[in-house]
Amino acid sequence: MVSAQSYLSTRGGSSGFSFEDTVLKGLASDGGLFIPEAIPSLPTDWQTTWSTKTFQELAFSLFSLYISPSEIPSEDLKRLIEKSYSTFRAPEITPLTTLRKSENLHLLELFHGPTFAFKDVALQFVGNLFEYFLSRRNEGKSAGEKETLTVIGATSGDTGSAAIYGLRGKEDISVFILHPKGKISPIQEAQMTSVLDKNVHNLAVVGTFDNCQDIVKELFADTAFNARHKLGAVNSINWARILAQIVYYFHSYFALQKAYSNKTLIPRFVVPTGNFGDVLAGYFAKRMGLPIEKLVVATNENDILDRFWKSGTYEIHAVSGKEAEGGIPADGAKAHGFGVKETLSPAMDILVSSNFERLLWYLAFERETTADQDLSERQKKASEKVKEMMVALKTQRGFSVTPAMLEEAKSDFDSERVSDSQIVETIREIYTASDSKYVLDPHSSVGVTAALRHIASNGTQVHQVCLSTAHPAKFSHAVDLALNGIDGYNFDDVLPDQFKGLAVAEKRVEDVAKADKELVKEVVERLLEGGKA
Ligand SMILES: *Cc1c(COP(=O)(O)O)cnc(C)c1O
């Protein structure tokens, strides 16, 4: 039976994975990404019955469409959702604010979680899911028999801290996050190293972010080490992260309806994009039936996605620079001098977008197969198409889609590319000419720049909701570039209380004197032993 509660891999066409499989495996064993076998449709009365729901209630209604109650009973799912969002500072979880009423320009604030960035919305939930599934598997087992999970990742900032805050204090899970010593922003370093839970370990590696990332890859490839410690990852391709992000599209849709007492309003969502996880959640919302005019993919100068929407060709370009966090670079790309450009919006500095493969599958399914074909044949064909494209990405650093696939992509999405100087300009413009002297972070500024362009060429008819992915205090460098010297601006005014004590808070961090896999293995095993004592 085809069900939205059962999953297949974008590369294999093999199916029947449970939600638990997708969460714990992350990546399918054929290298593909998990997608639901069918996109669920909304209950016929959703417009009325869902319109008054809280964020948590909406999450429950939406998640229930994708997770079978035989896997997670309703009461458990409700509890997991409550727990996940109890760590947020805003009662609405993701509040909607208006930047310019006269221009129908709105901002959806996704940064009210523990690390002040949008990744919390997903990772708070994913951390609880990990714990839930593990503790169920471990029920009644003695300490020695218990399944444990060792999550290892490398970070240059955002992902690592959101993962740490998602997994801190979780039963039977240890988390090791490698960062290049002295090379990440002081706020992000302090955010991570001030977490003192016993299961959290920060490794400050003398070396670069690339070194850290390489070591993590080597550890995953080390079959003996991997088998001994059951390595897990919390990267951006985990299906549960996409699922959790669908909620705020619905929540903000209803918030807008309410604010304007207008039930026929169809918003345009503008999304600062890196690995394509955030905007992909919007695509699922749209396919489920949420009225969305367009989803706007807003990139920084690492613009592989913008170039795709303009040309139909997805191609890695040569720019010298560091390798990105999160993205899965094509083999050998780095060796050939391909790298990402360092920009003012570092969380979007990617070479390729790891979640884009999921969209490609749907584009192939919709336009390279026909509705009169057998469903499993169609799925198989779409997967074959995806496999071809992924091989071409590896061997030729790119591929082109058919005109029909590009047309399909354009029917749901627009794209924009935003340069560093435009990021700075927009932060300044919104501060000096918004309804409330709003201070944007550089990532959110990428989206708002794209929205302002739309207004300049198309007017203010459509309501635009720009997703705001980080608190400005996390990226003080760009904010200062834009606002220093402007009358009335003082960075301390935007600094949240939570950041003020960070510098002097107690810290725990393990130094690793050399970027060396064997040395990291030693440290990990020593700390794991210590954790048991
Ligand atoms: C991760 C991140 C993004 C990019 O989101 P994707 O899902 O990777 O497209 C944008 N802004 C911030 C602040 C982020 O941390």
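Quick notes on the rules
- Residues numbered from 1 in each chain as written.
- Predicted model: local features only at pLDDT ≥ 70, side-chain atom pairs only at ≥ 80, totals over all residues.
- Heavy atoms only, no water.
- UniProt positions renumbered as here; feature names shortened; annotations may be inferred.
- Salt bridge = Lys/Arg side-chain N within 4 Å of Asp/Glu carboxyl O.
- Helix = DSSP H or I, 4+ residues; strand = E, 2+ residues; numbered from the N terminus.
- Buried < 20%, exposed > 50% of the residue type's maximum accessible area, 1.4 Å probe, protein only.
- Axes fitted to C-alpha atoms, helices over the stretch in contact; angles between N-to-C directions.
- Left-handed = near helix turned anticlockwise from the far one by under 90°.
- Contact = heavy atoms within 4.5 Å.
- Nonpolar A, V, L, I, M, F, W, Y, C, P; charged D, E, K, R; others polar.
- Core = buried A, V, L, I, M, F, W, Y, C linked by side-chain atoms within 4.5 Å.
- Phe/Tyr/Trp six-rings, centres within 6.5 Å; stacked < 30°, edge-to-face > 60°.
- Expected span 1.5 Å × (residues − 1).
- Right-handed = clockwise from strand over helix to strand, strands pointing away.
- pLDDT = per-residue confidence, 0-100.
- Pairing = 2+ DSSP bridges.

- The chain carries the name Threonine synthase in an unreviewed UniProt entry, which gives Arthrobotrys conoides as its organism.
- The heading Catalytic activity (unreviewed entry) in the UniProt record of the chain holds the text "O-phospho-L-homoserine + H2O = L-threonine + phosphate".
- Turning to the chain, the UniProt annotation filed under Function (unreviewed entry) states: "Catalyzes the gamma-elimination of phosphate from L-phosphohomoserine and the beta-addition of water to produce L-threonine."

**Digging into the pattern of salt bridges**
Opposite charge on two side chains lets them pair, provided their charged atoms get close.
Working step 1: Inspection of the entire model under this criterion finds 31 salt bridges.
Working step 2: The closest approach of N and O atoms between Glu357 and Arg11, which form a salt bridge, is 2.8 Å. On the criterion of sequence distance, the pair formed by Glu357 in helix H13 (residues 356-367) and Arg11 in the loop between strand E1 (7-9) and helix H1 (19-25) is long-range, its members being 346 residues apart.
Working step 3: Between Lys294 and Asp414 there is a salt bridge whose closest N-O contact spans 3.7 Å. Separated by 120 residues along the polypeptide, Lys294 in the loop between helix H11 (277-288) and strand E10 (295-299) and Asp414 in strand E13 (residues 413-417) bring together distant segments of the chain.
Working step 4: Exposure remark for Lys294: the relative accessible area of 18% places this residue in the buried category.

**Let's talk about the packing of H13 against helix H15 (residues 403-412)**
Working step 1: Running from amino to carboxyl end, H13 crosses H15 at an angle of 115 degrees, the nearest separation of the two axes being 9 Å. Considering how the two elements wind past one another, H13 and H15 form a crossing that is right-handed. Judged by residue contacts, Leu360, Leu363, Ala364, Glu366 and Arg367 of H13 engage Ala404, Met405, Glu407, Glu408 and Ala409 from H15.
Working step 2: Of the residues assigned to the contact of H13 with H15, the class counts are six nonpolar, no polar and four charged.

**Comments concerning the nonpolar core**
Working step 1: Core analysis: the largest hydrophobic core is formed by 114 residues, its most contacted members being Phe19, Phe63, Ile246, Tyr249, Phe250, Phe276 and Trp309.
Working step 2: For this core, the leading source of residues is helix H10 (residues 239-260), giving 13 residues.
Working step 3: If we skip the residues at most four places from it in the chain, Ile246 touches Leu62, Tyr66, Ala281, Phe284, Ala285 and Met288.
Working step 4: If you look at the next biggest cluster of nonpolar residues, it comprises 38 residues, including Val448, Ala451, Leu452 and Ala478.

**Some remarks on the packing of aromatic side chains**
In this description, a pair of aromatic rings is defined by centroid distance and the angle of the planes.
Working step 1: One pass over the structure, following the stated rule, counts 36 aromatic pairs.
Working step 2: Ring geometry for Phe276 against Phe413: centres 5.9 Å apart, planes inclined by 40 degrees, an arrangement best described as tilted. On the criterion of sequence distance, the pair formed by Phe276 in the loop between strand E9 (268-272) and H11 and Phe413 in strand E13 is long-range, its members being 137 residues apart. Across the pair, Phe413 and Phe276 agree in class, each one buried.

**Digging into helix H5 (residues 119-137)**
Working step 1: Its 19 residues give H5 an end-to-end C-alpha distance of 27 Å, which sits within 8% of 27 Å, the value for a rise of 1.5 Å per residue.
Working step 2: Among the 19 residues of H5, 16 are classified as buried, and the element is accordingly described as predominantly covered.

**Some thoughts on the pairing of E10**
Working step 1: Buried residues dominate E10, accounting for five of its five residues.
Working step 2: Covered by surrounding structure in E10 are Leu295, Val297 and Thr299 together with Val296 and Ala298, the residues of both alternating faces.
Working step 3: In this region the chain leaves E9, passes through H11 and returns to the parallel neighbour E10; the handedness of that crossover is right-handed.

**Observations concerning the side chain of Gln379**
Working step 1: By the element assignment, Gln379 lies in helix H14 (residues 375-396).
Working step 2: Its relative accessible area of 7% is what places Gln379 among the buried residues.
Working step 3: In contact with Gln379, not counting residues within four places along its chain, are Leu8, Glu37, Trp361 and Phe365.

**Examining the confidence of the model for the chain**
Predicted coordinates in regions of low pLDDT should not be interpreted in detail.
Working step 1: In this model, the chain carries an average pLDDT of 92, and 95% of its residues clear a pLDDT of 70 or more.
Working step 2: Scored below 50 in pLDDT, residues 320-336 makes 52 contacts in the model with residues more than four places away or belonging to other chains.

**Remarks on the sheet that holds E13**
Working step 1: One open sheet holds the six strands; their spatial order is E3-E4-E14-E9-E10-E13, and the pairing between them is mixed. At either margin of the open sheet sits one strand with a lone partner, and together these are strand E3 (96-100) and E13. Each neighbouring strand pair of the sheet contributes to a mean axis angle of 25 degrees, computed without reference to strand direction.
Working step 2: Where E3 meets strand E4 (residues 105-109), four bridges bridge the pair, whose relative direction is antiparallel. Bridge pairing in E4 places Leu96 opposite Leu108.
Working step 3: Where H10 meets the sheet, its contacts fall on E3, E4, E9, E10 and strand E14 (464-468), and the angle it forms with E4 comes to roughly 135 degrees.

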